[in-house]
Amino acid sequence: MSIEIEVLNGDASWPLAKPLFDAVWPPHVVKKLPWADIAFAHAELRVLVQNEAEEVLCHVGLYRRDITWNGHKIRAAGIGGVLTREDARRHGYASIALNAAVQTLKDEGSTPFALLFCEPHNAPFYMGRGWKPFDGEVYVEQPQADQTQGRVRFEAMAPYVYDLKRAPRQGVLDLCGLPW
Ligand SMILES: CC(C)(COP(=O)(O)OP(=O)(O)OC[C@H]1O[C@@H](n2cnc3c(N)ncnc32)[C@H](O)[C@@H]1OP(=O)(O)O)[C@@H](O)C(=O)NCCC(=O)NCCS
């Protein structure tokens, strides 16, 4: 089977990606996940792996943001929404899409590291692909009951970093916005 890999604008490609999200993460599945109640940012770019019928088999979302590390401004990239259709898993599609995401960031050359969050059962997958645990604290913004954004510690999933040039491994990261 031939596949096509594309890196597309996040908002414009959301209608293509949505059926995959609905299939892998329907509401009754999401509600049991540790991040069920978290508000996430929308991806700026999406890596899509499509089959010959133009069905999206795999998705990786890409984010870029000025954040802070120990109070100093630093450019960061984010990876989120890594998912493969159940019947297409273990064919290397998520690995291919992650590689394409990392290559896109390397080509841009302006970002020292990438950051993602994952549940414990997915950690070996990322560590096998060069991601390392970030041992510090992560803060994000979340909507509050009074409709404002509040700064909260993010602990729903564990952070992992990837050296595009060099990633921090400890300290305090503040994403200065919603998590991804
Ligand atoms: C995690 C997830 C994205 C992996 O997607 P995938 O497309 O199956 O990933 P890959 O095929 O690249 O790799 C998965 C495993 O299959 C193996 N694999 C890859 N190609 C293979 C092949 N042709 N034959 C057999 N195994 C293969 C890989 O080596 C890998 O195993 P490893 O981690 O022990 O090395 C997928 O399981 C998923 O969508 N899970 C639900 C959503 C989720 O939890 N997402 C993660 C959010 S952080």
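Just so you know, these numbers come straight off a predicted model, no measurement behind them.

Chemist: Lay out the packing of aromatic side chains with the relevant residues and their values.
Modeler: On inspection of all chains with the given rule, the structure shows nine aromatic pairs. When the centroid spacing of 5.1 Å and the interplanar angle of 65 degrees are considered together, the rings of W14 and F21 count as edge-to-face. In this structure W14 comes out as partly exposed when scored by relative accessible area, which is 31%. Both rings, one in W131 and one in Y162, keep their centres 5.2 Å apart while their planes meet at 50 degrees; by these two values the pair is tilted. On the criterion of sequence distance, the pair formed by W131 in the loop between helix 4 (123-127) and strand 6 (132-133) and Y162 in strand 9 (residues 158-163) is long-range, its members being 31 residues apart. The exposure classification of W131 matches that of Y162, with both residues buried. Taken together, the ring pairs connect W14, F21, W25, W35 and F40 into an aromatic cluster. Taking NZ or CZ as reference, R151 lies 4.1 Å from the ring centre of Y139, over its face.

Chemist: I'd like to hear about the environment of L178, residue by residue, with values.
Modeler: Structurally, L178 can be placed in the segment after strand 10 (172-174). Spatially, the C-alpha atoms of L178 and Y139 are 9.3 Å apart, while their sequence positions differ by 39 residues. Residues contacting L178, with those up to four places away along its chain left out, are A39, F40, A41, R65, E141, Q142, P143 and Q149.

Chemist: Explain the environment of M1 to me, using residue names and the numbers behind them.
Modeler: Mapped onto the fold, M1 is located in the segment before strand 1 (4-9). Residue M1 is classed as exposed on the basis of its relative accessible area of 69%.

Chemist: Outline the site of the ligand, listing residues and values.
Modeler: As a matter of local geometry, the ligand sits amid 18 residues, with V82, T84, R90, G92 and S95 nearest to it. In this structure, V82 approaches the ligand through a main-chain N or O atom, which is 2.7 Å from a nitrogen atom. Out of a free accessible area of 940 Å², the ligand has 67% covered by protein chains. Looking at the shell around the ligand, the elements with two or more residues in it are strand 4 (72-84), helix 3 (93-108), strand 5 (113-118) and helix 4. Partitioning the shell around the ligand into residue classes produces 10 nonpolar, five polar and three charged.

Chemist: Go over the pattern of salt bridges, please, and point to the residues and values.
Modeler: Tallied over the entire structure, the rule returns 10 salt bridges. One salt bridge in this structure joins R85 and D87, with 2.9 Å as the shortest N-O distance. In this structure R85 comes out as partly exposed when scored by relative accessible area, which is 23%. Note on D87: relative accessible area 55%, which makes it exposed. Across the salt bridge formed by R153 and E137, the nearest N and O atoms sit 3.9 Å from each other. Linking R153 in strand 8 (residues 149-153) with E137 in strand 7 (residues 137-143), this pair joins segments that are 16 residues apart in sequence. Exposure remark for E137: the relative accessible area of 28% places this residue in the partly exposed category.

Chemist: Outline the UniProt feature "domain: N-acetyltransferase" (unreviewed entry) in the protein chain, listing residues and values.
Modeler: The positions UniProt marks with the feature "domain: N-acetyltransferase" (unreviewed entry) are residues 3-159. With 25% helix and 39% strand, residues 3-159 has end C-alpha atoms that lie 30 Å from one another.

What counts and how
- Residues numbered from 1 in each chain as written.
- Predicted model: local features only at pLDDT ≥ 70, side-chain atom pairs only at ≥ 80, totals over all residues.
- Heavy atoms only, no water.
- Phe/Tyr/Trp six-rings, centres within 6.5 Å; stacked < 30°, edge-to-face > 60°.
- Buried < 20%, exposed > 50% of the residue type's maximum accessible area, 1.4 Å probe, protein only.
- Helix = DSSP H or I, 4+ residues; strand = E, 2+ residues; numbered from the N terminus.
- Lys NZ or Arg CZ within 6 Å of the ring centre and 35° of its normal.
- Contact = heavy atoms within 4.5 Å.
- Near = heavy atom within 4 Å.
- Polar contact = N/O pair within 3.5 Å; in protein donor to acceptor, adjacent residues only side chain to side chain.
- Areas by Shrake-Rupley, 256 points an atom, 1.4 Å probe, with all protein chains shown as cover.
- Nonpolar A, V, L, I, M, F, W, Y, C, P; charged D, E, K, R; others polar.
- Salt bridge = Lys/Arg side-chain N within 4 Å of Asp/Glu carboxyl O.
- UniProt positions renumbered as here; feature names shortened; annotations may be inferred.

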